[in-house]
Amino acid sequence: MGVSYILFVEDDEKIIDLMEMAVETWNAAHAEHGRQFMLENCKTADQARTALARMRYDAALFDLRLPGETKGRSTEPLGNELALYALEQLGIPVAIMSGNPGDMDNRLKQFSTVSLFFKGDKDAYSNAVKWFGGWWEMMAVVASSRQKIQASSAEIFVKRLWPQWKDFAAIKLADDSSPSLVDIVTRQYVSHVAELLGLDGPEHLKWHPFESYVIPSLWSHRAHTGDIFDFDGDLRIVLTPACDMANGNVPNVLLAKCSRGENEWAQKVDSLKEADTDAKKDKATKYFRKMVNQQLGASKHFLVPFPGEAEPMIVDFADVTVLPLEQVMQELPKRIASVSAPFLSNLTQRFGAYISRVGQPDIDVMYFCQ
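These figures come from a predicted structure and were not determined experimentally.

Novice: Just to check I follow, could you spell out the sheet that holds strand E9 (residues 252–260) for this structure?
Specialist: Hydrogen bonds between backbone atoms are what pair the strands of a sheet, whose relative direction is either parallel or antiparallel. The antiparallel open sheet is built from seven strands, whose spatial order is E6-E12-E7-E8-E9-E11-E10. Each edge of the open sheet carries a strand with a single partner, namely strand E6 (213–214) and strand E10 (300–303). Sheet topology note: the E6/strand E12 (residues 335–339) ladder contains two bridges and is antiparallel. From the neighbouring strand, Val214 faces E12, where its bridge partner is Ser338.

Novice: Would you take a moment to explain the pattern of salt bridges for this structure?
Specialist: Where side chains of opposite charge bring their charged atoms close, a pairing between them can arise. Following the criterion strictly, the structure yields 20 salt bridges and no others. When the shortest N-O distance is used, the salt bridge between Asp63 and Lys119 registers 2.4 Å. Here Lys119 lies in the loop between strand E5 (114–118) and helix H4 (124–133) and Asp63 lies in strand E3 (residues 59–63), a separation of 56 residues in the sequence. According to the relative accessible area criterion, Lys119 is partly exposed, its value standing at 28%. One network of salt bridges, with partners in common, ties together Asp234, Arg236, Lys257 and Asp319.

Novice: Sorry, what's going on with a nonpolar patch on the surface here?
Specialist: Together, Ile363, Val365, Met366 and Phe368 line one region of the surface with nonpolar side chains, adding up to about 460 Å² of accessible area. Of note, Phe368 is situated in the segment after helix H11 (341–355). A residue is classified by how much of its surface remains accessible, and Phe368, at 66% relative accessible area, is exposed.

Novice: Mind showing me how you'd approach the packing of helix H1 (residues 13–29) against H4 here?
Specialist: Each pair of packed helices can be described by the angle between their axes along with the distance between the axes. Following both chains from N to C, one finds H1 and H4 inclined at 45 degrees, their axes separated by 9 Å at the closest point. Considered as vectors, H1 and H4 are oriented oblique to each other. Crossing angle aside, the handedness with which H1 passes H4 is right-handed. Contact residues: H1 offers Ile15, Leu18, Met19, Ala22, Val23 and Trp26, while H4 offers Tyr125, Ser126, Val129, Lys130 and Gly133. Considered class by class, the residues forming the contact of H1 with H4 number eight nonpolar, two polar and one charged.

Novice: Sorry, what's going on with the side chain of Asn80 here?
Specialist: Mapped onto the secondary structure, Asn80 falls in helix H3 (residues 78–90). Classification of Asn80 as buried rests on a relative accessible area of 7%. For Asn80, the side chain forms a polar contact with the main-chain oxygen of Asp103, separated by 2.8 Å. For Asn80, the contacting residues outside a window of four places in its chain are Leu64, Asp103, Met104, Asp105 and Leu108.

Novice: Got a minute to help me understand helix H2 (residues 45–54) in this structure?
Specialist: Quick reminder: α-helices carry 3.6 residues per turn. Residues three or four places apart thus point the same way. Ala45, Ala48, Ala51 and Leu52 are the residues of H2 that are buried. Down the axis of H2, the buried side of the element spans an arc of 115 degrees, and every buried residue falls inside it. For H2, the exposed residues lying more than 90 degrees away from the buried face are Ala53 and Arg54. Those residues of H2 that are buried are in contact with strand E1 (2–9), strand E2 (35–42), E3 and H3.

Novice: How should I be thinking about unusual backbone geometry in this particular structure?
Specialist: Glycine aside, negative phi is the norm for most residues, and most peptide bonds take the trans geometry. For the peptide bond that leads from Ile215 to Pro216, omega is -10 degrees, which places it in the cis range. When you line up the elements, Pro216 lands in the loop between E6 and strand E7 (227–231). Although it is not a glycine, Asp232 sits at a positive phi angle of roughly 55 degrees. Looking at where Asp232 falls in the secondary structure, it is placed in the loop between E7 and strand E8 (234–238). On the basis of relative accessible area, Asp232 is assigned to the exposed category, the value being 72%. Of note in this structure, Gln294 is not a glycine but carries a positive phi near 60 degrees. Residue placement: Gln294 occurs in the loop between helix H9 (278–292) and E10.

What counts as what
- Residues numbered from 1 in each chain as written.
- Predicted model: local features only at pLDDT ≥ 70, side-chain atom pairs only at ≥ 80, totals over all residues.
- Heavy atoms only, no water.
- Pairing = 2+ DSSP bridges.
- Helix = DSSP H or I, 4+ residues; strand = E, 2+ residues; numbered from the N terminus.
- Salt bridge = Lys/Arg side-chain N within 4 Å of Asp/Glu carboxyl O.
- Buried < 20%, exposed > 50% of the residue type's maximum accessible area, 1.4 Å probe, protein only.
- Patch = residues over 30% accessible without salt bridge, like charges linked within 9 Å, V, L, I, M, F, W, Y side chains within 5 Å.
- Areas by Shrake-Rupley, 256 points an atom, 1.4 Å probe, with all protein chains shown as cover.
- Axes fitted to C-alpha atoms, helices over the stretch in contact; angles between N-to-C directions.
- Parallel < 35°, antiparallel > 145°, perpendicular 65-115°, else oblique.
- Left-handed = near helix turned anticlockwise from the far one by under 90°.
- Contact = heavy atoms within 4.5 Å.
- Nonpolar A, V, L, I, M, F, W, Y, C, P; charged D, E, K, R; others polar.
- Polar contact = N/O pair within 3.5 Å; in protein donor to acceptor, adjacent residues only side chain to side chain.
- Arc of directions from axis to C-beta.

Here it is in structure tokens:
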């Protein structure tokens, strides 16, 4: 049976009973699908902080007016702090329960995995549990991903990081302003996990098209190579080296044209869907392999469709524009995606090959027969 754990912070026994009944009702309705929520209750905000730091939860429900360690409700909406921690540090869905929605911190509104429920609604707790149920599949995916990361990290730490850094664990690299080895080891850890689970790993898991993009972009404060901007319908992708933009070493940024759609794409997708034999599937996939392997004109580069879209994008290295770096920085809100790191090198290498291409002198072939 699949089990997901919900942290519920509340000290009122009547409300705890109400939430428990809502969970039991949901569990009974989904028992045949092997799904069950387990509710774990903390009485105060301080207990919740400790629980969040020590335990793994799949979701959390906070009343904004939580009790602190002193008796009675806090005059401050402590639930905001806990909700932000759960979202920013743990990445789990958070339900907010409040009799005064105005108490909700505006920073919470940026997250799609937050939902506000009015405490005065008689079905508020049932609705919150139903909302959690809507995230069930993704909760399961995240839980399994964490387990896979943990299994990979065991090998990485035992064989690589622990022996390499154990003699330097108490050392800071230079002075008090420099990062500790925690930062260095963390960076090595995540890079090693990415390599183990990447294309060259022993399982050789093929990549999903959605992995081609980072949405929203990781670099919130500056532009990066592979950023895609929508300038009022004119799609452009950044080709300028990221280091030059980060250091301000260039006054301008080079952007290539991106166009949605490819003439045969929709037809070939239908052919692939309708293929009912291995021979037909092999024939139908040739077109897509051609695109993925960039067997296009020298000035063209294939990018897969954005998540939720049907058509791919074609980058045209022959159609470039230059914008001041300062203007691009001001236009960051118009950035819609970034090409992810594993796919970025292919873009830049192909662009480099295109601009360095030198034509062969035109030989009169008639001389070959003389």
